[in-house]
Amino acid sequence: MFEGEMASLEALRSTGLVRAPRPIKVIDLPGGGAAFVMEHLKMRSLSSQASKLGDQMADLHLYNQKLSKKMKEGENTVGQRAEGGEPQYVTKFGFHTVTYCGFIPQVNEWQDDWPTFFTQYRLQAQLDLIEKDYADREARELWSRLQVKIPGLFRDLQIVPALLHGDLWSGNVAENDAGPLVYDPASFYGHSEFELAIASMFGGFPRSFFSAYHRKVPKAPGFEGRLLLYQLFNYLNHWNHFGREYRGPSLRAMRQLLQ
């Protein structure tokens, strides 16, 4: 778990676009378990810096896309050579290591196709756990119908892999006198809209965050339907973490997506 968090913090910090604690070391404890040492940052709840964070998250989500353009420009320049230490454009969806959203491990094996990655490694993985622990017949039936509809939500949409924080709820963001900061990530390269799902749930982020974000990353056609699909992942994840109180919201989201 800590190794996934450390890799996520390193990836976010390497862009130079968002502030996050500097990871120092994961330590195996003599009696079992582990500890994660990272930079101490004084922080308070996000408020006055929400707009700036929205701006920075948009830049983060556009970062890989800009690397792609830079790479293409380099290919068209005679004698241009890639510098050894320069960040490379990522062409697939996934991450180089397992990460954890809460206590649930997330497989991040690289895939060419985003709907395939999201369906298999996020939704199906959560529903497999629900089947194992609850054997919920209605969830099973709704899912069998919903699976075939998912590709339609992405029709005519070109998705460039974006480096995501991966668990951007209000408890994982803050600010201090130097500006906004993020922590406790579960990063991977995915669809930028995925990031906004949990940020828009439970009333945690002020409107100024989303306004600043969408000035740089406008909503694509079909945004609301996909947002509900991404919120379904978070409801299922909550069901697996906290129990049956999240069954209702999970099934409601599935029914809405089937309308």
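As shown above, the structure is provided for reference.
Residues numbered from 1 in each chain as written. Predicted model: local features only at pLDDT ≥ 70, side-chain atom pairs only at ≥ 80, totals over all residues. Heavy atoms only, no water.

Undergrad: I'd like to hear about helix α4 (residues 137-146), residue by residue, with values.
TA: Helical geometry note: an α-helix holds 3.6 residues per turn, so side chains three or four residues apart project in the same direction. All of the buried residues in α4 are Ala139, Leu142, Trp143 and Leu146. Angularly, the buried residues of α4 cover 100° about the axis, an arc narrow enough to put them on a single face. One side-chain oxygen at the N-terminal end of α4 lies 3.2 Å from the backbone nitrogen of Glu138; it belongs to Asp136. (Buried < 20%, exposed > 50% of the residue type's maximum accessible area, 1.4 Å probe, protein only. Helix = DSSP H or I, 4+ residues; strand = E, 2+ residues; numbered from the N terminus. Arc of directions from axis to C-beta. Polar contact = N/O pair within 3.5 Å; in protein donor to acceptor, adjacent residues only side chain to side chain.)

Undergrad: Before we move on, can you summarise the nonpolar core with the specific residues and values?
TA: Membership of the largest hydrophobic core comes to 66 residues, with the highest contact counts inside it found for Met57, Trp114, Leu123, Val182, Phe205 and Phe209. No other element matches the ten residues that helix α7 (residues 223-242) contributes to this core. Setting aside its immediate chain neighbours within four residues, Met57 contacts Val18, His165, Leu168, Val182, Glu195, Phe209 and Tyr213. (Core = buried A, V, L, I, M, F, W, Y, C linked by side-chain atoms within 4.5 Å. Contact = heavy atoms within 4.5 Å.)

Undergrad: So what about the environment of Gly94? Which residues, and what values?
TA: Checked against the element boundaries, Gly94 lands in the loop between α2 (50-75) and β3 (99-101). Taking the C-alpha atoms as reference, Gly94 lies 24 Å from Leu181; in sequence the two are 87 residues apart. Those residues in contact with Gly94, other than ones at most four positions away along the chain, are Asn108, Glu109, Trp110, Phe117, Phe188 and Tyr189.

Undergrad: Just give me the short version of helix α8 (residues 247-258), but keep the residues and values in it.
TA: The end-to-end C-alpha separation of α8 is 17 Å, in line with the 16 Å expected for twelve residues at 1.5 Å each. If you check which residues of α8 are buried, you get Pro249, Ser250, Leu251, Ala253, Met254, Leu257 and Leu258. Looking at the packing, one finds that the buried side of α8 touches α3 (114-134), α4 and α7. (Expected span 1.5 Å × (residues − 1).)

Undergrad: If you had to explain the pairing of strand β1 (residues 23-28) to someone new, which residues and values would you point to?
TA: Pairing of β1 with strand β2 (residues 34-38), which is carried by five bridges, proceeds in the antiparallel orientation. The partner of Pro23 across the bridge, within β2, is Met38. Between the antiparallel neighbours β1 and β2 lie five residues, among them Gly32 with a positive phi of about 105°. (Pairing = 2+ DSSP bridges.)

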